[in-house]
Amino acid sequence: MSSPDPQVRAARNPSTPAPVRGPVVAVTGAASGVGALLTERLATSEAIKQVIAIDERRGDCTQAQWHILDVRDPAIAEKLRGADVVVHLALDLDLETDAAARTAYNVRGTQTVLTAAAAAGVHRVVLCTSAMVYGALPDNELPLSEDAELRATAEATGVGDLLEVERLARRAPRAHPGLNVTVVRPATLVGGTDTALTRYFESPRLLVVAGSRPAWQFCHVEDLCSALEYAVLEKVDGELAVGCEGWLEQEEVEGLSGIRRMELPSTVALGAAARLHRIGLTPSPAGDLAYTMYPWVVSVSRLHDAGWRPQWTNEEVLTELLDEVSGRRTVAGRRLGRKDATAAGAAGATVALLGAAAVVRRARKARRRI
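Caption draft 1: Layout of the packing of helix α2 (residues 33-43) against helix α7 (residues 221-232). Look at α2 against α7: their axes get within 10 Å of each other, and the N-to-C directions meet at 55 degrees. The angle between α2 and α7 places the two elements in the oblique class. Here α2 and α7 pass one another in a crossing that is right-handed. The residues of α7 that touch α2, namely those facing V34, L37, L38, R41 and L42, are V221, E222, L224, C225, S226, L228 and E229.

Printed below as a string of structure tokens:
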């Protein structure tokens, strides 16, 4: 009698582990932030065969195979050999980074990863940008379709870099036939993040520009990681938006946060923000204000159609954000020290903002007298 089929023997013997047939996934920027969370998630998933972690320092995930190098190094191609999917998360969107250095890192890094992935035989690259690429404009629909035109400009922090990453994503399949590129665009990201939008909630008053109509949609990093996993497992592809269901009006945000508004004419708010940034007093350019003035809420229909659902609501994410920033004080995007924060809290953000603008005016007058 012939021996049983190997699969039959494995089924009869529960001690024989089933082979893992999932993809080998490489993650760049794997040592911190979203990259670290995704690396840990994929490394413990039964659907993933192996995780290759790439960063300039070693992270905490012991199950991953680590390679320490800069993503702009062409040697990354050798590290990607054997990978089926690459998730590129090595982006620098830090408010304090020099803008030219940030762009050089983000654009060159993405170019190198896409080229290296194609050379190494990787068949899918997943890029992560932001829903900010749609632009915050007064005539935006609520919500925006994922296929909506990308109408953002390079005036907000890092958005010019993200638009260039989007262009690279669209060109890559033509330059490298056989390479599939998926782009994931999260709404306002919360969960250990520090951006101009999360700093908005560190202010003693919430700045509202007169005549604007803000709409707030958040994305928790855990939901972003689960959406990225869907892309890795090829449950969904193309250009995807990810975020909580629906949105919050400004009045709802104020009610939930308990922070009162400070309403200023647009000429005052935008003019002061531009001047303060130009002389280096604040890290946020005036373009960041647009994302607190006009809606950029996105539909997440492609992920929904694939069966994905967010685990967090906008209300829950806002509550977590408020807990994270508790005790911090920021005015016009500039994080204040304890002494400054006490003064700002006592005087109110209006006085702080307009006072800073007055300092700028006095400095300019003094320069003209010299």
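The structure having been displayed, the exposition proceeds.
Caption draft 2: Representation of the sheet that holds strand β6 (residues 180-186). Taken in spatial order, the seven strands make up an open sheet running β3-β2-β1-β4-β5-β6-β11, and their pairing is parallel. Here the strands that pair on one side only, and so sit at the sheet edges, are β3 (65-68) and β11 (239-242). With direction set aside, neighbouring strand axes in the sheet form an average angle of 20 degrees. Pairing analysis gives four bridges linking strand β1 (residues 24-28) to strand β4 (residues 85-88), with the strands arranged parallel. Residue pairing for β4: V27 is matched across the bridge by V87. Strands β5 (124-128), β6 and β11 of the sheet are contacted by helix α5 (residues 159-175), whose axis makes an angle of about 160 degrees with β6.

Caption draft 3: Broad picture of the confidence of the model for the chain. When pLDDT is averaged along the chain, the result is 88; 83% of the residues meet or exceed 70. A low-confidence stretch, residues 6-12 (pLDDT under 50), is modelled with four contacts involving residues beyond four sequence positions or located in other chains. Here residues 338-352 scores under 50 on pLDDT; set against residues more than four positions off or in separate chains, the count is 13 contacts.

Caption draft 4: Structural context of the pattern of salt bridges. Enumeration over the complete set of coordinates arrives at 17 salt bridges. Here E251 makes a salt bridge to R261, at a shortest N to O gap of 3.4 Å. Of this pair, E251 sits in helix α8 (residues 250-257) while R261 sits in strand β13 (residues 261-264), and the two are ten residues apart along the sequence. Since its relative accessible area comes to 51%, E251 is described here as exposed. We classify R261 as partly exposed; its relative accessible area is 30%. Residue R261 is joined to E254 by a salt bridge in which the shortest nitrogen-to-oxygen separation is 3.0 Å. Look at the salt bridges and you will find they share partners, linking E166, R170, R185 and E239 into a network.

Caption draft 5: Main features of the packing of helix α4 (residues 99-119) against α5. With their axes 10 Å apart at the nearest point, α4 and α5 run at an angle of 15 degrees to one another. When the axis of α4 is compared with that of α5, the two are roughly parallel. Here α4 and α5 pass one another in a crossing that is right-handed. Within the contact between the two elements, α4 uses R102, T103, N106, V107, T110, Q111 and L114 and α5 uses D161, E164, V165, L168 and A172. A breakdown of the residues in the contact of α4 with α5 according to their chemical character gives five nonpolar, four polar and three charged.

Caption draft 6: Seen up close, empty space enclosed by the protein. Counted under the stated rule, the structure contains two cavities of 30 Å³ or more. One number sums up the size of the second largest cavity: a volume of about 50 Å³. As for the second largest cavity, its lining consists of A187, T188, A215, W216, Q217, W296 and V297. Taken together, the residues of the lining of the second largest cavity sort by class into five nonpolar, two polar and no charged.

Caption draft 7: Expanded view of the packing of aromatic side chains. Counting across every chain of the model gives six aromatic pairs. Between W216 and F218, the ring centres sit 6.0 Å apart and the planes meet at 15 degrees, which makes this aromatic pair stacked. Members of the aromatic cluster, joined through ring pairs, are Y200, F201, W216 and F218. The residue whose ring lies beneath K235 is Y230, and the NZ or CZ to ring-centre distance is 4.5 Å.

Basis of the calculations
- Residues numbered from 1 in each chain as written.
- Predicted model: local features only at pLDDT ≥ 70, side-chain atom pairs only at ≥ 80, totals over all residues.
- Heavy atoms only, no water.
- Axes fitted to C-alpha atoms, helices over the stretch in contact; angles between N-to-C directions.
- Helix = DSSP H or I, 4+ residues; strand = E, 2+ residues; numbered from the N terminus.
- Parallel < 35°, antiparallel > 145°, perpendicular 65-115°, else oblique.
- Left-handed = near helix turned anticlockwise from the far one by under 90°.
- Contact = heavy atoms within 4.5 Å.
- Pairing = 2+ DSSP bridges.
- pLDDT = per-residue confidence, 0-100.
- Salt bridge = Lys/Arg side-chain N within 4 Å of Asp/Glu carboxyl O.
- Buried < 20%, exposed > 50% of the residue type's maximum accessible area, 1.4 Å probe, protein only.
- Nonpolar A, V, L, I, M, F, W, Y, C, P; charged D, E, K, R; others polar.
- 1 Å grid on protein atoms, 1.4 Å probe; cavity = no way out; pocket = protein on both sides within 12 Å on 5 of 7 lines; lining within 4 Å.
- Points joined across faces, edges and corners; volume = space filled by probe spheres on them.
- Phe/Tyr/Trp six-rings, centres within 6.5 Å; stacked < 30°, edge-to-face > 60°.
- Lys NZ or Arg CZ within 6 Å of the ring centre and 35° of its normal.

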